[in-house]
Amino acid sequence: MKSSIAVVVLAAGAGTRMKSALPKVLHPLAGWSMLRHVLDNVGRLKPTRVVGVIAPGAKAVAQAFAPHPSVIQKRPVGTGDAAKAALGALKGHGGPVLVVFGDAPLVTAASMQRLVAACRKEEAAVGVLGFIARDPSPYGRLIVHRGQLEKIVESKDADEAEKAIDFCNSGVMCLDGRLMAALLGAIGNDNAKREFYLTDAVAIARAAGHKAIAVEGEEAEFQGINSRAELAMAERALQQRLRAAAMEAGVTMTDPNTVWLAADTKLAADVSIGPNVRFGLGVTVASNVEIKAFCDIEGARIGRGAIVGPFARIRPGSEVAEDVHIGNFVELKATKMGKGAKANHLAYLGDSDIGAASNIGAGTIAVNYDGYGKWRTVVGAEAFVGSNSSLVAPVRIGKGANVTAGSVVTEDVPAGAVAFGRARQVTKKGRAAPLRAKLKARAAAAKRAKKK
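First, a word on what this report is: a plain description of the structure on this page. Keep in mind it's a predicted model, so treat the numbers as computed, not measured.

Taken together, F294, F311, F329 and L346 make up a surface patch of nonpolar side chains, about 410 Å² in accessible area. For F294, the location among the structural elements is in the loop between β18 (290-291) and β19 (296-297). By relative accessible area, which is 41% here, F294 ends up partly exposed.

Listed below in C-alpha cells is the structure:
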C-alpha cells in the first residue's frame, strides 16, 4: 500500500522586487492568486496534509492557506530553515513530503506526481524536479553522476565547470518523511549568502548513503515570478495553457491570443468565441453558445444556444437562459433573462428578471438605484418594452404587456395591458418655416455681437 503524501508550501518570501503592499504569492493570475493555483495543483495529488510556511505577520497569506494550517518562519534565513519550520506540523508523517514554492503556479500536478512516483520506485531519500535551461545562469545546477543526483550547487557558489551545466533546479523537491528531520537538521549556512539552503539536503543524503534522484520536466513550468514583468509573462503562459485546454475540449476561438480566460471558466463543447473577449471569475457557458467580439463576462451563467454580443457586458449575478439574444452595447447586472428573451442593443438591465420570449427595445434602462438602495424590475413572459423606455424600479410589467417606446414607467403594468408613460405629442401645422427663420436670425445676431 502506498504511503500518503504531505505537502509543504514555502510562502515566507518578502517579494521585494514586486514593489507591492500585497504579498507576492497573492498576486493574481487568471483571476486566482499564485498561491491558490499552487494549492489547486497540489490538491490534485490528494495529500493528507498541506502545510504553509509564512512570514511573521502575514495574516492575509495565512487566510489564503486556510483551511490548511500555516507555520511561521521567524527569520528569513533560507529555504532549508523555512522547510524545517514545518516539521512540527508533519509529526508522525512517514510518507513522501513534497516541498513546493507558493510563487510557482505553473508547475503541474502531473509533473509533481511523476516526481513522487519516481521517488517511491527508486526508494530515494530526496528527489528533485529539474529542467534543461536555455539560460542556466540564475539557477542552481543539478550535479548528476551515473544516474544519481550528487548535489545541487547554487549559482553564486558554482565553479566554472559547474556553471557550464544546463540541468537546473526547479525548486520542487520530494523528501522521505522518515528522514526529513535528520536531513534538514544537518543543513548548515557555509555559503556566499550565509543561508540554510534546502538544496543541501541532496548532498547530505548522499553522504549518509541514501539515494537521490532528479526527474526532468519542461522549463516552461518552472519560470520564476519575482517582478511585475515576470508576472505578466506567467499570465501569458497560463492563458496559452487555458486556451489550448478549451480548444482541445471542443471550443472554437477565432483569435485565441485575444481571448482571456479565468482559472475557473467553464466552457462546453461547441461554444464559439470571437476576438477580444474577456472572462472574469465564475463564468459557465453551455454548448452551442456564440460569444461575439469585444464582450466582457464575469460571474454569470450562459445557457445553451444563446448569442452574446458584440460589445456586450454581463456582470456578476446574471443568468442568461437558453436561446437568449444579448446584443451590442447591452449590459446586464444581476439580471435573469428567461428562455428566448431578447435585448438586442443599447440597453442597461440591472437587478432585473426578464421573462421568457420577452423583447427589450433599444435604449431601455432598468432604473435600479434611487441613491439609497437597489430595486428589482420584473418583466413577465412575452412582454414587449419599446425603445428608449425607463423602467423605474421597483416595478412589474405583466405577462404579454406592451410598454410603448419612450415611456417612463413608474407603476406596475398588468398582464396584457398597454402602458404609455410619456408626454402627449403636440403638432402645429405650418409652423416649421417661421421657427427656422427665427432660429436663424437669433444665431446671426449672436455672431454679430461676438465680432463687436
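Okay, back to it.
The subject of this paragraph is the state of the cysteines. Going through the model one piece at a time under the given rule, you end up with zero disulfides. Left without a disulfide partner, C119 is nearest to the cysteine sulfur of C174, which lies 3.9 Å away.

So, on to unusual backbone geometry. Here the amide bond leading from G309 into P310 is cis, since omega sits at 5°, within 30 degrees of zero. The peptide bond linking A393 to P394 adopts the cis configuration, its omega dihedral lying at 0°. Position of P394 relative to the elements: it lies in the loop between β32 (390-392) and β33 (395-397). In this model, N276 sits at a positive phi of 60°, which is unusual for a non-glycine residue. Mapped onto the elements of the fold, N276 is located in the loop between β15 (272-273) and β16 (277-279). On the basis of relative accessible area, N276 is assigned to the partly exposed category, the value being 35%. With a phi close to 50°, D351 is a non-glycine residue in the positive phi region. Note that D351 resides in the loop between β26 (342-350) and β27 (352-354). Residue classification places D351 among the buried residues on the basis of a relative accessible area of 8%.

Time to look at the side chain of N41. Here N41 shows up in helix α1 (residues 34-43). You can call N41 buried: its relative accessible area is 12%. There is a polar contact of 3.2 Å between the side chain of N41 and the backbone oxygen of P105. The residues contacting N41, other than those within four sequence positions of it, are P105, V107, A109 and M112.

The full count for this structure, using the stated rule, is four aromatic pairs. Here F131 and Y139 contribute two aromatic rings whose centre-to-centre distance is 5.1 Å and whose plane-to-plane angle is 85°, an arrangement assigned as edge-to-face. Among the residues examined, Y139 registers a relative accessible area of 22% and is labelled partly exposed. Lying across the ring of W260, R243 places its NZ or CZ 4.9 Å from the centre. The cationic tip of K374 hangs over the ring face of Y369; the distance from NZ or CZ to the ring centre is 5.6 Å.

Quick look at a positive patch on the surface now. A surface patch of positive charge is lined by K428, R431, K438 and R442. With respect to the helices and strands, K428 occurs in the loop between β36 (418-419) and α9 (432-451). What makes K428 exposed here is its relative accessible area of 65%.

A large share of strand β10 (residues 167-176) lies buried, amounting to 10 of its 10 residues. In this structure, strand β6 (residues 96-101) lies alongside β10, joined through four bridges in antiparallel fashion. Within β10, the position partnered with P96 by the bridge is D176. In this sheet, β10 lies alongside strand β7 (residues 126-132) in antiparallel orientation, the contact comprising six bridges. Bridge pairing in β10 links I132 to F167.

Our next topic: the pattern of salt bridges. Within the structure shown, the criterion is met by 15 salt bridges. In this structure, E162 engages K151 in a salt bridge whose closest nitrogen and oxygen atoms are separated by 3.5 Å. Remark: K151 occurs in strand β9 (residues 148-153) and E162 occurs in helix α5 (residues 160-163); sequence separation between them is 11 residues. Under the relative-accessibility criterion, E162 is labelled buried at 13%. A residue is classified by how much of its surface remains accessible, and K151, at 34% relative accessible area, is partly exposed. In this structure, D296 engages R278 in a salt bridge whose closest nitrogen and oxygen atoms are separated by 2.6 Å. Taken together, the positions of D296 in strand β19 and R278 in strand β16 put the pair 18 residues apart, joining distant regions of the chain. Exposure remark for D296: the relative accessible area of 23% places this residue in the partly exposed category. R278 gets classed as partly exposed once you look at its relative accessible area, which sits at 33%. The structure contains a network of salt bridges with shared partners spanning R278, D296 and E298.

Rules used in this analysis
Residues numbered from 1 in each chain as written. Predicted model: local features only at pLDDT ≥ 70, side-chain atom pairs only at ≥ 80, totals over all residues. Heavy atoms only, no water. Patch = residues over 30% accessible without salt bridge, like charges linked within 9 Å, V, L, I, M, F, W, Y side chains within 5 Å. Areas by Shrake-Rupley, 256 points an atom, 1.4 Å probe, with all protein chains shown as cover. Salt bridge = Lys/Arg side-chain N within 4 Å of Asp/Glu carboxyl O. Helix = DSSP H or I, 4+ residues; strand = E, 2+ residues; numbered from the N terminus. Buried < 20%, exposed > 50% of the residue type's maximum accessible area, 1.4 Å probe, protein only. Disulfide = S-S within 2.5 Å. Polar contact = N/O pair within 3.5 Å; in protein donor to acceptor, adjacent residues only side chain to side chain. Contact = heavy atoms within 4.5 Å. Phe/Tyr/Trp six-rings, centres within 6.5 Å; stacked < 30°, edge-to-face > 60°. Lys NZ or Arg CZ within 6 Å of the ring centre and 35° of its normal. Lys, Arg positive; Asp, Glu negative; His and termini not counted. Charge placed at Lys NZ, Arg CZ, Asp CG, Glu CD. Pairing = 2+ DSSP bridges.

Spatial relationships are all this shows, so hold off on functional conclusions.
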